[in-house]
Amino acid sequence: MSGRKPYVGGNWKMNLHAAEAEALAAGLADRFAKADAPDAVDVVVFPPFPYLSQVGQIIKDSPIKLGAQDCYPAENGAFTGEVSLSQLQDVGVEVILTGHSERRHVIGESDVEVNAKTVAALNAGLEVILCVGEKIEQREANQTDAINSAQVSYGLAGVTAEQMSKVTIAYEPVWAIGTGKTATPDDAQLAHNFIRRVIQFGLFEGRADIAESVRIQYGGSMKPGNAADLCSQPDVDGGLIGGASLKVDDFSA
Ligand code: PEP
């Protein structure tokens, strides 16, 4: 037993409209209230920005946390189209997703930007889920460990030991996101254990406690049929879920 509480995130991405987002939030809040052990797992949902307030109102009396899919690290000012951390906190956001592969590889966000967002969110007192993971060509070139090591190290540069209690890592092999392909439980375990060792020996040497307590979610086509096998691995502490988070039954399972 690792002693780490499993943590599950639902990344709704750029999906759903208001009525659907409200129905999903209400369904999850209801399901959570009826769960056998509602405290057995931490849960966060990441709705699209326009629906954060509405979803926040619906889940506010449930243990489900409200998360934002992105943020901008400046406090305020002339940043057209961006959303600040204090604005997100204003509508009840507690968790920020940083480094998601779609932001890195579709939007073009760099490690420097991912780090700035991670540090700013933690400095604002928010929790962060930092996503890392290799592309298929990097896996085939045996660069999986190097990519994960670099993304974890750059992403967490400047983060203090104390702030690590508010950090979760999501290992999301890019080739598995939204593709229906999933890492095998053994491959996921290898990557998760490697990431834990990067934190232990590369970032916080001498602080094995930090490496042992940080939660590492798996992400990439996780669904009811494969979640139990993946989560049974000793270093897999839950999941970050895209497609299967859009249905109450699938996400709850
Ligand atoms: C994700 O968006 O982080 C993700 C893992 O998506 P999916 O579950 O659809 O692969």
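Residues numbered from 1 in each chain as written. Predicted model: local features only at pLDDT ≥ 70, side-chain atom pairs only at ≥ 80, totals over all residues. Heavy atoms only, no water.

Asker: How should the environment of Asn148 be read in this particular structure?
Answerer: Mapped onto the elements, Asn148 comes out in helix H7 (residues 144-155). Measuring from C-alpha to C-alpha, the distance between Asn148 and Phe32 comes to 33 Å, with 116 residues separating the pair along the chain. Beyond its immediate chain neighbours, meaning those up to four positions away, Asn148 contacts Val132, Gly133, Glu134, Tyr171, Ala191, Phe194 and Ile195. (Helix = DSSP H or I, 4+ residues; strand = E, 2+ residues; numbered from the N terminus. Contact = heavy atoms within 4.5 Å.)

Asker: Explanation requested: the site of the ligand in the structure shown.
Answerer: In the region of the ligand, 14 residues are neighbours, and Lys13, Glu172, Gly178, Ser221 and Gly242 sit closest. A distance of 2.7 Å separates an oxygen atom of the ligand from a polar backbone atom of Ser221. The separation between an oxygen atom of the ligand and a polar main-chain atom of Gly242 is 2.8 Å. Calculation on the ligand without its partners gives an accessible area of 290 Å², and the protein chains cover 96% of this total. (Near = heavy atom within 4 Å. Polar contact = N/O pair within 3.5 Å; in protein donor to acceptor, adjacent residues only side chain to side chain. Areas by Shrake-Rupley, 256 points an atom, 1.4 Å probe, with all protein chains shown as cover.)

Asker: Would you mind going over the sheet that holds strand S5 (residues 127-132) with me for this structure?
Answerer: Pairing between the strands of a sheet is mediated by backbone hydrogen bonds and can be parallel or antiparallel. Spatial ordering of the closed barrel is given by S1-S2-S3-S4-S5-S6-S7-S8, a layout of eight strands whose pairing is parallel. Looking at each pair of strands side by side, their axes are set apart by 25° on average, direction ignored. Note: strand S6 (residues 167-171) against strand S7 (residues 215-219), four bridges, orientation parallel. The residue of S7 that forms the bridge with Ile169 is Ile216. On the sheet, helix H5 (residues 111-123) packs against strand S4 (95-98), S5 and S6 and is oriented at approximately 160° with respect to S5. (Pairing = 2+ DSSP bridges. Axes fitted to C-alpha atoms, helices over the stretch in contact; angles between N-to-C directions.)

Asker: Even after reading the chapter, I still don't get the side chain of Thr98, so can you show me in this structure?
Answerer: Mapped onto the secondary structure, Thr98 falls in strand S4. Those residues in contact with Thr98 that lie beyond four places of it in its chain are Val114, Lys117, Thr118, Val128, Ile129, Leu130 and Cys131.

Asker: Is there a simple way to think about the nonpolar core in this case?
Answerer: Most often, soluble globular proteins keep nonpolar side chains buried together rather than apart. Val55, Ile96, Met164, Ile169, Ile199 and Tyr218 are the most contacted members of the largest nonpolar core, which has 59 residues in total. Excluding residues within four positions of it along the chain, Val55 makes contact with Trp12, Ala21, Ala25, Val45, Pro47 and Leu66. If you look at the next biggest cluster of nonpolar residues, it comprises nine residues, including Val95, Ile129, Ala170 and Leu240. (Core = buried A, V, L, I, M, F, W, Y, C linked by side-chain atoms within 4.5 Å. Buried < 20%, exposed > 50% of the residue type's maximum accessible area, 1.4 Å probe, protein only.)

Asker: Explain the pairing of strand S1 (residues 7-11) here, please?
Answerer: Side chains on a regular strand alternate between the two faces of the sheet. With five of five residues buried, S1 lies mostly within the body of the structure. Here S1 pairs with strand S2 (residues 42-46) via five bridges, running parallel. Along S2, the bridge assignment pairs Tyr7 with Asp42. Tracing the backbone out of S1, into helix H1 (residues 18-34) and back to the parallel element S2 gives a crossover that is right-handed. Bridge count between S1 and strand S8 (residues 238-241): four bridges; the pairing is parallel. Opposite Val8, over in S8, you have Gly239 as the bridge partner. (Right-handed = clockwise from strand over helix to strand, strands pointing away.)

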